[in-house]
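Next come the chains, spelled out residue by residue.
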Amino acid sequence: MVDLQGQYLHIKREVDEAIQEVLMSTEFIQGSQVKSFAEALSKYNRGVNVTPCANGTDALQIAMMALDLKPGDEIILPVHTYVATAEVIALLGLTPVFADVDERTFNIDVAQITSKITSRTKAIVPVHLYGQCADMEPIMKIAYQHKLHVIEDLAQAMGADYTYADGIVKRAGTMGIIGTTSFFPSKNLGCYGDGGAIFTIDQVLGEKIKMIANHGQKVKYQHDIIGVNSRLDTLQAAILLVKLKYLDEYTRKRNEAANYYDKNLSGVPFIETPFRAVNSTHVFHQYTIKIRTIDRNHFKKYLEDKGIPTMIYYHIPLHLQKAYRREGFNEGSFPVAERLSKTVLSLPIHTEMTEDELSYICQTIKEFHA
Ligand SMILES: *Cc1c(COP(=O)(O)O)cnc(C)c1O
């Protein structure tokens, strides 16, 4: 699905040097590279305030702590997403309120949001799934009308751009009050371990976020608010500083692979290629097709036997997961997410794909007989 070794070999000298520098400095925690990386990532995301942290799940938790969300508060999120989004909501004693997703974009169905709002609703967490922005303009409008916070989960969409009706373009993670992301190795900007970051467009909130991520302290051993221990390792920051320089090139390569798939698979009757929203660019964290008329497992196995890995993100929607199942949630509660969970299939997509590989995958797919 990914080729992290091939990617590393292309930047090996730079990365090895960066790692050596940290080892020699022995500044393993909060070394200068952490600050340099935060600055570089801020610049990449058009000046947003950046706080690096330990992983993308922590980023979500810190975001919710920083907004003073309290037990009983309701948070609206899409039901078709990675579990982390719902996990931290539940951990903090908040109530996850699921909304179904749009069949074409896989992102939260904006029309459903309004119907889920109650007097206890405090925030909406759109997830920019597979690398394409949720429809942020109407989401921000609803949030404004109902005085709700918007926390964007951009773990899969670093670098994606969303265009408003008036032509203004904004980066994923800089539209809501807070954006949260992950540097898990397979993410579009991945480190060599765990890592994450919190973005905010509010500088004052940014200071609070920095404190929460570091034991609630601004001055050492002086704890003004309750925090957590969630820091990005200096080693990971040093690696990310190198990799960030290549992110646009990586995004371009992912798009080239996606375009190749689009072109070669669009005529295959049992496949629906990914929908491209007009108001968002796509960074193709995943290239996710929908399987029609044929048996997905049979097809998946066929590809596997030909040496082609595929993945299903996600094969159980959150409301049917044991940990998140609540009274009243059944098969049929979120029909679109349930249908997607039975039809989606992600094909290999990464920065090192060759035309030969893409051609082999497409040819093999076309030769499938149900
Ligand atoms: C990866 C991911 C996360 C969590 O990131 P970690 O760094 O693994 O904790 C959260 N949300 C989404 C949508 C993700 O894809």
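Residues numbered from 1 in each chain as written. Predicted model: local features only at pLDDT ≥ 70, side-chain atom pairs only at ≥ 80, totals over all residues. Heavy atoms only, no water.

1. What about the overall build of the protein chain?
Right, on to step 1. The number of helices and strands found in the protein chain is 13 helices and 12 strands.
Right, on to step 2. Its C-alpha radius of gyration of 21 Å places the protein chain within 12% of the 21 Å reference for a compact globule of 370 residues.
Right, on to step 3. Within the span of the protein chain, comprising 370 residues, buried residues form 56% of the whole.
Right, on to step 4. Nonlocal contacts in the protein chain, meaning residues at least 24 apart in sequence, comprise 71% of its contacts between residues at least 6 apart.
Right, on to step 5. Summing over all exposed atoms, the protein chain offers an accessible surface of approximately 16600 Å²; the carbon and sulfur share of this is 53%.
Right, on to step 6. Separation of charge centres in the protein chain, based on 39 positive and 43 negative side chains, amounts to 2 Å. (Helix = DSSP H or I, 4+ residues; strand = E, 2+ residues; numbered from the N terminus. Rg over C-alpha atoms; globule rule 2.2 N^0.38 Å. Buried < 20%, exposed > 50% of the residue type's maximum accessible area, 1.4 Å probe, protein only. Contact = heavy atoms within 4.5 Å. Areas by Shrake-Rupley, 256 points an atom, 1.4 Å probe, with all protein chains shown as cover. Lys, Arg positive; Asp, Glu negative; His and termini not counted. Charge placed at Lys NZ, Arg CZ, Asp CG, Glu CD.)

2. Considering the nonpolar core
Taken as a class, soluble globular proteins show a tendency for nonpolar side chains to be buried jointly.
Right, on to step 1. Membership of the largest hydrophobic core comes to 70 residues, with the highest contact counts inside it found for M64, F98, Y261, I271, F299 and I365.
Right, on to step 2. When residues in this core are grouped by element, the largest group, 7 residues, is from helix α4 (residues 56-66).
Right, on to step 3. The residues contacting I365, other than those within four sequence positions of it, are L265, F270, I271, F299, L303 and L347.
Right, on to step 4. Membership of the second largest hydrophobic core comes to 42 residues, among which are V48, Y162, F183 and L232. (Core = buried A, V, L, I, M, F, W, Y, C linked by side-chain atoms within 4.5 Å.)

3. Some remarks on the pattern of salt bridges
Right, on to step 1. As enumerated under the stated definition, the model contains 17 salt bridges in all.
Right, on to step 2. The partner of D16 in a salt bridge is K12, with the nearest N and O atoms 2.7 Å apart. Taken together, the residues D16 and K12, both in helix α2 (residues 12-25) and 4 residues apart, mark about one turn of the helix.
Right, on to step 3. By relative accessible area, K12 is classed as partly exposed at 37%.
Right, on to step 4. Across the salt bridge formed by E14 and K245, the nearest N and O atoms sit 2.5 Å from each other. With E14 in helix α2 and K245 in the loop between α9 (234-244) and α10 (247-265), this pair connects stretches of sequence that are 231 residues apart.
Right, on to step 5. Relative accessible area serves as the criterion here: at 58%, K245 is assigned to the exposed category.
Right, on to step 6. When salt bridges with common partners are traced through the structure, they connect R46, D161 and R171 into a single cluster. (Salt bridge = Lys/Arg side-chain N within 4 Å of Asp/Glu carboxyl O.)

4. As for the site of the ligand
Right, on to step 1. Around the ligand sit N55, G56, T57, Y82, A84, V127, D153, A155, Q156, S182, K187 and G195, and that is every residue in its neighbourhood.
Right, on to step 2. In the model, an oxygen atom of the ligand is placed 2.8 Å from a nitrogen or oxygen of the G56 main chain.
Right, on to step 3. Between the ligand and K187, the relevant distance is 3.1 Å, taken from an oxygen atom to a side-chain nitrogen or oxygen of the residue.
Right, on to step 4. Protein burial of the ligand: of its 380 Å² of free accessible surface, 92% is covered by the chains. (Near = heavy atom within 4 Å. Polar contact = N/O pair within 3.5 Å; in protein donor to acceptor, adjacent residues only side chain to side chain.)

5. Quick word on the pairing of strand β5 (residues 149-153)
Right, on to step 1. Taken across its 5 residues, β5 has 4 buried, putting it largely inside the fold.
Right, on to step 2. Pairing of strand β4 (residues 121-124) with β5 involves 2 bridges; the strand directions are parallel. Within β5, the position partnered with I124 by the bridge is V150.
Right, on to step 3. Of the crossover connections in this fold, the one passing from β4 over helix α7 (residues 136-146) to the parallel β5 is right-handed.
Right, on to step 4. With 3 bridges joining them, β5 and strand β8 (residues 178-182) adopt parallel strand pairing. Bridge pairing links D153 to T180 in β8. (Pairing = 2+ DSSP bridges. Right-handed = clockwise from strand over helix to strand, strands pointing away.)

6. Quick look at the sheet that holds strand β9 (residues 196-200)
Right, on to step 1. On the basis of which strands lie adjacent, the open sheet formed by 7 strands has the order β1-β9-β8-β5-β4-β2-β3 and mixed pairing. Each having just a single partner strand, β1 (49-53) and β3 (95-99) make up the two edges of the open sheet. Going across the sheet, the axis of each strand differs from the next one's by a mean of 25°, ignoring polarity.
Right, on to step 2. Relative to β9, β8 runs antiparallel, the two being bridged by 5 bridges. Bridge pairing in β9 links G179 to F199. (Axes fitted to C-alpha atoms, helices over the stretch in contact; angles between N-to-C directions.)

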